[in-house]
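Structural overview
What follows is the residue order along each chain.
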Amino acid sequence: MLIIDQLRKNETPLRVVAIGVLAGLLILVANLWRIQVAGSRRYVENLQDQSLKTVRVPAVRGRILDRNGIALAENRAAYNVNLYLGDIRQEFKKRSAEAEKRALSAAAATNLPPAPTGWWTALKQRFSRGGAKKLRLTPAERDHVDLEARQRVTTDILQSLANILHEPIPFNPQEFHRHYLTRRILPMPVVRNLSPMEIARFEEHPTSPLGLELEMQMTRYFPHGVTNAHLLGYVRLDNESMTNEMSYYDYRLDDYKGAIGLEGKFDQELRGQPGVRHVQINNVGYRH
């Protein structure tokens, strides 16, 4: 009512201010309607595309003590550098678009030497038959371009990490591709069990490569080495219970079980009860 009263007055400055305030309120109401009403379907679809996945988190393995309380088997922290693919998905898209553009440009050039056999040759042949306006990548060709782009992004990140740690870091394309397809929401270990010097180099670097995180993992440790190894036994990676637990968990982190000796005899008591972590993912498999 105050704004309406000002509009009725003949004072021009007050009328201008009142009109400005009224216009601002109308803009706010229109924007609120656009978000709450016009854009509601987009938010509903985005919510439907998301899902909740469970990740099995193994418990810290128990200690084995002698009668004097001296530890014969315990745990110690190991530091790993993990790569989170969800943090670099925008870089994947950017590099893939650039690679697709280069592939189409190279196929359109007629003065280039023959390309290697395979999908590249088929692409040039289709271009020569159909013309520039009809040139499109097939789904198989697009998958190949995306795969190469992801591998180049990852190798660049690993090279940057190798420069920081002053150590070469191997890259396994098959293992990376398998992790991308099946365990995308989980971190991918790239360097395990860093030395104190490597930890210091990573932490002291001003800018860590995108997607890399230094994380701690508890590992089994025998303070006395091989002494009493025939009694204590050892632990190994547990792959047998994976199939039995997949009905309860969507993903599981690496867990270890006792093989022989005390580690195997009292495995259930030593390994404890696993935990669970709920992860929200989108329709393409990346975590939120």
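Check the entry above for the structure.
The rules behind each value
Residues numbered from 1 in each chain as written. Predicted model: local features only at pLDDT ≥ 70, side-chain atom pairs only at ≥ 80, totals over all residues. Heavy atoms only, no water. Core = buried A, V, L, I, M, F, W, Y, C linked by side-chain atoms within 4.5 Å. Buried < 20%, exposed > 50% of the residue type's maximum accessible area, 1.4 Å probe, protein only. Contact = heavy atoms within 4.5 Å. Pairing = 2+ DSSP bridges. Helix = DSSP H or I, 4+ residues; strand = E, 2+ residues; numbered from the N terminus. Patch = residues over 30% accessible without salt bridge, like charges linked within 9 Å, V, L, I, M, F, W, Y side chains within 5 Å. Areas by Shrake-Rupley, 256 points an atom, 1.4 Å probe, with all protein chains shown as cover. Salt bridge = Lys/Arg side-chain N within 4 Å of Asp/Glu carboxyl O. Phe/Tyr/Trp six-rings, centres within 6.5 Å; stacked < 30°, edge-to-face > 60°. Lys NZ or Arg CZ within 6 Å of the ring centre and 35° of its normal.

1. Some remarks on the nonpolar core
One finds Leu 161 and Val 190 to be the most contacted residues of the largest nonpolar core, which totals 23 residues. The residues touching Leu 161, leaving out its near neighbours within four places in the chain, are Val 81, Ile 169, Val 190, Val 191, Phe 202, Pro 209 and Leu 212.

2. With respect to the sheet that holds strand β9 (residues 275–281)
Strand order in the open sheet made by the three strands is β7-β1-β9, with mixed pairing throughout. One side of each edge strand has no neighbouring strand; the edge strands of this open sheet are β7 (251–252) and β9. Bridging between strand β1 (residues 51–57) and β7 involves two bridges; their strand directions are parallel. Looking at the pairing, Arg 56 lines up with Arg 252 of β7.

3. Examining a nonpolar patch on the surface
There is a patch of nonpolar side chains on the surface, built from Val 17, Val 21, Leu 25 and Leu 28 and spanning about 360 Å² of accessible area. Looking at the secondary structure, you find Leu 25 in helix α2 (residues 12–38). The exposure class of Leu 25 is partly exposed, given its relative accessible area of 42%.

4. Considerations on the packing of aromatic side chains
The final tally for this structure, using the stated rule, is two aromatic pairs. Between the aromatic rings of Phe 92 and Tyr 180, the centroid separation amounts to 6.3 Å while the plane-to-plane angle is 75°, which identifies the pairing as edge-to-face. Pair noted here: Phe 92 is in helix α4 (residues 89–108) and Tyr 180 is in helix α7 (residues 173–182), with a separation of 88 residues, a long-range link. On the accessibility criterion, Tyr 180 (11% relative accessible area) is buried. Ring centres 5.6 Å apart and planes at 50° place the aromatic pair Phe 171 and Phe 176 in the tilted group. The lysine or arginine in question, Arg 150, covers the ring of Tyr 180, its NZ or CZ lying 4.0 Å from the ring centre. Taking NZ or CZ as reference, Arg 184 lies 4.0 Å from the ring centre of Tyr 180, over its face.

Geometric descriptors of this kind do not, in isolation, establish any biological role.
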